[in-house]
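Remarks on the overall topology
Spelled out from the first residue to the last, the chains are:
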Number of protein chains: 2
Amino acid sequence: MNRRSFLRSSIAAGSAGLAAPLLRAVPPASQAKLIQLNGNENALGPAPTAREAIEKAITISNRYPFADAAKLTAQIAGRHGVSSESILLGNGSSEILRLAVQVLVKRDPLVITARPTYEAVGRQATALGIEVKQVPVAGDYSHDLRRMRQSAESHPGESLVYFCNPNNPTATLTSTQEIQDWVASAPDDTSFIVDEAYFDYVEDAQYSSLIPLALKKKNLLVARTFSKVYALAGLRIGYGVAHPETIDRISSLTRLNWNALALVAASASLRDPNFVQQSVRSNRESKLIVTDTLRELNLSFLPSHTNFIMHRLSGDIRDYIKRMKDHGVLVGRPFPPFDTYCRISLGLPSEMKQYAALMRMFRGKGWI
Amino acid sequence: MNRRSFLRSSIAAGSAGLAAPLLRAVPPASQAKLIQLNGNENALGPAPTAREAIEKAITISNRYPFADAAKLTAQIAGRHGVSSESILLGNGSSEILRLAVQVLVKRDPLVITARPTYEAVGRQATALGIEVKQVPVAGDYSHDLRRMRQSAESHPGESLVYFCNPNNPTATLTSTQEIQDWVASAPDDTSFIVDEAYFDYVEDAQYSSLIPLALKKKNLLVARTFSKVYALAGLRIGYGVAHPETIDRISSLTRLNWNALALVAASASLRDPNFVQQSVRSNRESKLIVTDTLRELNLSFLPSHTNFIMHRLSGDIRDYIKRMKDHGVLVGRPFPPFDTYCRISLGLPSEMKQYAALMRMFRGKGWI
């Protein structure tokens, strides 16, 4: 949803002062009765430690949380074994992605992304008047590194290459080794953002983080978020990891602008000894329910390394979205050119059982 | 404090993984024992309605709060009697200020600000490589409109003029009528940001908002915040009001990036029938304690229309800051060229009585 459609839904609903009519368009999270499988959120909700930390910090919402930001920065730096100067907290990793676009390509800029992929980088480039080259994913749904590289190498100016790995919305992996090889050997006029939003869900032994390389290469930024495995999407807290000089350049565009409750929630989440494991376990269970159902219904799907799955439909995604909503389930929006696919986020196992029952019913009606 | 000094304090403190040593530099809000008169915060803390709303929303911190953002946008629009398309929520009004700089001046850009004034706009311009012309405040400490206008009119490219009214750190007013006259008659290549962060504290009958004009002039943005009278500084929630086309241009650089708890807290604060009045009343009481003390000590001060006061010292501000901190009180940092002035934020009346006692003691020691 973009800002225009977001506002249009409010306006269509009538009086600007009334909240109730807005609910027709999107249910407010606080009153949601629908099963929300459309936002790649973590249905477990925040870790118990995070809930407690927020509750304790409510009274200090009137204070600028500089010290808590320093504390979380140090805590994250400690976990990655890097210095605090290599970490930049953002209002969601999406803020970091947007600022990085602005900083990492200047002269005759080109931004290169996969198609489909997470849109924050491409959209920001467009908003800044930067040309975006979208390279369709390869046959195995990984980023087509060969074609992306050709695009960068044939561009006369500076290029910025965006990898979302695992990729959203396909849930698929691109070889860490191949990304590393390219980044390590790339000339200075090619920069890279590697978005590791779904890092903790990956169980593939060949997959690893590009953070070690980011400390050496000034033209690489790695983005991480607390929105997924830590279930804090609504608090907009994420971070970038890069060479201190790169971090300094990016941070010049956003100053001391942290939400106190997001900081304490993220910090407490990192201290929770069980939550990540619990999130991953719940996600694995939900994934199994969905893949079993899809197999039973003969609907093919891409291998998922995330908290969502991209699967085939026999009809058009738009009809399917509407029917699912009519039955109380929100599923992923269209991701062109995958118009006969649906991205289904993995909710709680209990929710996925309801989804599975609905899918069988839909098949009975010939809708999928 | 900028990012470097913020991190330096962490690093000087030793191990990156340890939080405790950081506290030496800035006390975490959650453990503050010091009287904090350095951040223009509202010491009352969030409104009871806001606290309750946050508490209720903790469990949905895992959800993207699109509907709550639409609801708050409509609520704010309703209060100002404008359409939702004229409102853009930001992570603090400072995010709106920064994005506006980027959007409002393009061709051969010049940013014109007062000196001293709130730094977000000038710093963002510098970070973007835009020249900043700082015009010293006039003899009555208002913005020097004549010289600012000369700067804009003699600049061959596009100009962006920033007014902070009342101004931070001087707490003084600039004539609404004179700002309005200039904005209304300015050519298209001159844009304006009017920052009304301290709007609700002003009791001067000649003062009013520029929001009505912002709806007509595409080259004007008015910024408002929930950080001051609503006591939500730590939640980073503010907004811009402008012509829908201007809002659209700014919003293209920040997408759907709202903190769920900030949204519900702001929305609940607006519904609280008493909180603004209570904030203003408490602030008035604190101001009286401070002005009485300053008069008693023969320390002159600028007329305050905000929740802080700029007053004269007989010594250097740097010594004074250190001594105050040694005695448990944090006061405002230096604001060049006002090096023999201190900006003191107005805390609770009980805190200002402690401050007053300390001031008398300082006078006894010949320090002020």
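Predicted model, so just to flag it, every value in this text is computed and none were measured.

In terms of regular secondary structure, chain A is built from 13 helices and 11 strands. Taken against the 2.2 N^0.38 rule, which gives 21 Å for 368 residues, the C-alpha radius of gyration of chain A at 21 Å falls within 12% of a compact globule. In terms of principal-axis extent, the alpha carbons of chain A reach across some 55 × 55 × 45 Å. Counting the 368 residues in chain A, one finds 52% classified as buried. Here the analysis covers contacts within chain A between residues at least 6 apart in sequence; of these, 73% occur between residues at least 24 apart.

The next thing to look at is the sheet that holds strand 8 (residues 238-242) of chain B. Strand pairing in a sheet takes place through backbone hydrogen bonds and is either antiparallel or parallel in direction. All names here are of chain B. The sheet built from 7 strands is open, its strands ordered 2-8-7-6-5-3-4 with mixed pairing. Each end of this open sheet is capped by a strand with a single partner; those strands are strand 2 (87-90) and strand 4 (131-136). For this sheet the average axis-to-axis angle between neighbouring strands, irrespective of direction, equals 20°. The pairing of strand 3 (residues 110-115) with strand 5 (residues 159-164) spans 3 bridges and is parallel. Bridging from a neighbouring strand, L110 pairs with S159 of strand 5. Along the sheet, helix 6 (residues 145-154) makes contact with strand 3, strand 4, strand 5 and strand 6 (190-195), crossing strand 4 at roughly 155°.

Here the focus is the domain arrangement of chain A. Residues and elements named next belong to chain A. Here chain A is described as being made up of domain 1 (3-46 + 275-364) and domain 2 (48-271). The interface is formed by 26 residues belonging to domain 1 together with 24 residues belonging to domain 2. Elements with a minimum of two residues in the side of domain 1 that touches domain 2: helix 11 (275-296) and strand 9 (308-312). For the side of domain 1 that touches domain 2, the element with the highest residue contribution is helix 11, accounting for 5 residues. Of the residues assigned to the side of domain 1 that touches domain 2, the class counts are 13 nonpolar, 11 polar and 2 charged.

This part is about the pairing of strand 7 (residues 220-225) of chain B. All names here are of chain B. Across the 6 residues of strand 7, 6 count as buried, placing the element largely inside the fold. Judged from the 5 bridges that link them, strand 7 and strand 8 form a sheet pairing that is antiparallel. Along strand 8, the bridge assignment pairs T225 with G238.

Take the pairing of strand 3 (residues 110-115) of chain A next. Residues and elements named next belong to chain A. The element strand 3 is extensively covered by neighbouring structure, given that 5 of its 6 residues are classed as buried. Where strand 3 lies against strand 4 (residues 131-136), 6 bridges are found, and the strand directions are parallel. When the bridges of strand 4 are listed, L110 appears paired with E131. As for the winding sense of the linkage, the β-α-β connection from strand 3 through helix 5 (residues 120-127) to strand 4 is right-handed.

To continue, consider the packing of helix 4 (residues 93-104) of chain A against helix 5 of chain A. All names here are of chain A. Remark: helix 4 packs on helix 5, axes separated minimally by 9 Å, with the N-to-C direction vectors making an angle of 40°. With respect to helix 5, the element helix 4 is oriented oblique. Considering the relative orientation of helix 4 and helix 5, their crossing is right-handed. Along the contact surface, helix 4 presents S94, L97, R98 and V101, while helix 5 presents A120, V121, Q124 and A125. Tallied by class, residues from the contact of helix 4 with helix 5 come to 5 nonpolar, 2 polar and 1 charged.

Residue and element names in this part refer to chain A. Here 7 strands make up an open sheet; going across it, the order is 2-8-7-6-5-3-4 and the pairing mixed. Strands at the two margins of the open sheet, each flanked by one partner only, are strand 2 (87-90) and strand 4. With direction set aside, neighbouring strand axes in the sheet form an average angle of 20°. Relative to strand 8 (residues 238-242), strand 2 runs antiparallel, the two being bridged by 4 bridges. Across the sheet, the residue bridging to L89 is Y239, located in strand 8.

For the rest of this paragraph, the subject is the packing of helix 3 (residues 66-80) of chain A against helix 10 (residues 260-271) of chain A. Residues and elements named next belong to chain A. Between helix 3 and helix 10, the least distance of the axes is 9 Å, while the angle of their chain directions is 30°. Put simply, helix 3 runs roughly parallel to helix 10. With respect to the hand of their crossing, helix 3 and helix 10 are arranged in left-handed fashion. The residues of helix 10 that touch helix 3, namely those facing D68, A69, K71, L72, Q75 and R79, are A260, L263, V264, A266, S267 and L270. Of the residues belonging to the contact of helix 3 with helix 10, the class tally is 7 nonpolar, 2 polar and 3 charged.

Here A:L256 lies in the loop between helix 9 (244-251) and helix 10. Sequence separation of A:L256 and A:Y64 is 192 residues, and the distance between their C-alpha atoms is 8.5 Å.

What follows deals with helix 9 of chain A. Residues of helix 9 of chain A that are buried: A:T246, A:I247, A:I250 and A:S251. The buried residues of helix 9 of chain A all sit within an arc of 130° when viewed along its axis, so they share a single face.

Reading the values: rules and limits
Residues numbered from 1 in each chain as written. Chains lettered and ligands numbered in written order. Predicted model: local features only at pLDDT ≥ 70, side-chain atom pairs only at ≥ 80, totals over all residues. Helix = DSSP H or I, 4+ residues; strand = E, 2+ residues; numbered from the N terminus. Rg over C-alpha atoms; globule rule 2.2 N^0.38 Å. Buried ≥ 20, exposed ≤ 12 C-beta atoms within 10 Å, placed from the backbone. Contact = placed C-beta atoms within 7 Å. Pairing = 2+ DSSP bridges. Axes fitted to C-alpha atoms, helices over the stretch in contact; angles between N-to-C directions. Domains from an automatic or database assignment. Nonpolar A, V, L, I, M, F, W, Y, C, P; charged D, E, K, R; others polar. Right-handed = clockwise from strand over helix to strand, strands pointing away. Parallel < 35°, antiparallel > 145°, perpendicular 65-115°, else oblique. Left-handed = near helix turned anticlockwise from the far one by under 90°. Arc of directions from axis to C-beta.

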